[in-house]
Amino acid sequence: MFLDVDGPLNPFRAPGERRPDGYTTHRLRPRGWEDAPKPLRVWLRPDHGEYLLALPYTLVWATTWEYDANTMIGPVIGLPELPVVELPHWSDATDGLCFKTATLVEYADGRPFAWVDDMITDRDVDWVHRRHPSSALLHRVDPRIGLLDADFRSLEEWPPARLAAALPEDD
Ligand SMILES: [Mg+2]
């Protein structure tokens, strides 16, 4: 399962710039923010890692945080070090697709996958279903709200058991 940070784990568009209930505030300096006047404010839920690890997926970071997700985000929410998809620059997006879409399909290499992100649009869903030979669940999360129980329930119900059994243990 490809996992984004800003949006699903960090509801950075929460109304009124107020920290949503259950979240803790972190001020971080990922790559590119080292010299910024202020660190980046990030809201995270310490229990999200536990819920994510309970899902029937191999988790993979698919975020502009890239390797910083393993040092700055994972430890806060209780995730172990995860594989990281190296993404193109956001400005490299074409065809109205999210800049991650083509790279994630390539990384999946024909395997079924779920993708949790706030930037998914119908165009991405269409494109993936035309190009990807097996099942894909593109699950959009509202960046004003972040991952909710209902999201975890949908992710738990997918993939069907026979697909879960076919997924590699650790890849
Ligand atoms: Mg995002």
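Residues numbered from 1 in each chain as written. Predicted model: local features only at pLDDT ≥ 70, side-chain atom pairs only at ≥ 80, totals over all residues. Heavy atoms only, no water.

The protein chain is annotated in an unreviewed UniProt entry as DUF402 domain-containing protein of Nocardiopsis changdeensis.

1. Brief notes about the coordination of the magnesium ion
Within the protein, the atoms that donate to the magnesium ion are Asp4 (OD), Asp6 (O) and Asp118 (OD), at distances of 2.0 to 2.1 Å. The sequence pattern describing where the donors of the magnesium ion fall on their chain is D-x1-D-x111-D. Separated by 112 residues along the polypeptide, Asp6 in the loop between β1 (2–3) and β2 (24–28) and Asp118 in the loop between β5 (113–117) and α4 (122–131) bring together distant segments of the chain. The class for Asp6 is buried, based on a relative accessible area of 19%. (Donors = N, O, S within 2.8 Å, 3.2 Å for Na, K, Ca; no water. Helix = DSSP H or I, 4+ residues; strand = E, 2+ residues; numbered from the N terminus. Buried < 20%, exposed > 50% of the residue type's maximum accessible area, 1.4 Å probe, protein only.)

2. So, the side chain of Asp68
Looking at the secondary structure, you find Asp68 in helix α2 (residues 68–77). Comment: no salt bridge for buried Asp68; closest opposite-charge side chain is Arg31, at 4.8 Å. Filtering out sequence-adjacent residues up to four positions away, Asp68 remains in contact with Pro30, Arg31 and Ile73. (Lys, Arg positive; Asp, Glu negative; His and termini not counted. Salt bridge = Lys/Arg side-chain N within 4 Å of Asp/Glu carboxyl O. Contact = heavy atoms within 4.5 Å.)

3. Focus: unusual backbone geometry
If you check the backbone angles, Glu17 has positive phi at about 55° while not being a glycine. Judged by relative accessible area, Glu17 falls into the exposed class, the value being 57%.

4. Brief notes about the pairing of strand β3 (residues 40–44)
With 4 of its 5 residues buried, β3 lies for the most part within the structure. Pairing between β2 and β3: 5 bridges, direction antiparallel. Residue pairing for β3: Leu28 is matched across the bridge by Leu40. (Pairing = 2+ DSSP bridges.)

5. Description of the pattern of salt bridges
Note on pairing: side chains with opposite charge can pair once their charged atoms come close. Per the stated rule, a full pass over the model turns up 6 salt bridges. The salt bridge involving Asp47 is made with Arg45; its shortest N-O contact spans 2.8 Å. The exposure class assigned to Arg45 is partly exposed, which follows from its relative accessible area of 24%. The shortest N-O distance in the salt bridge between Asp117 and Lys100 comes to 2.7 Å. In this pair, Asp117 sits in strand β5 while Lys100 sits in the loop between α2 and α3 (101–108), placing the two residues 17 residues apart along the sequence. Connected through shared salt-bridge partners, Asp4, Lys100 and Asp117 make up one network.

6. Some remarks on the nonpolar core
Met1, Leu9, Leu52, Trp61, Trp65 and Ile73 are the most contacted members of the largest nonpolar core, which has 28 residues in total. Within the residue set of this core, elements represented by two or more residues are β3, α2, β5 and α5 (149–157). A total of 4 residues in this core trace back to one element, the largest contributor, which is α2. For Trp61, the residues in contact, after removing those within four places along its chain, are Leu3, Val5, Leu9, Ala69, Asn70, Ile73, Gly74, Leu79, Leu82, Pro83, Val84 and Val85. Cys98, Phe99, Leu104 and Ile120 belong to the second largest nonpolar core, which has 18 residues in total. (Core = buried A, V, L, I, M, F, W, Y, C linked by side-chain atoms within 4.5 Å.)

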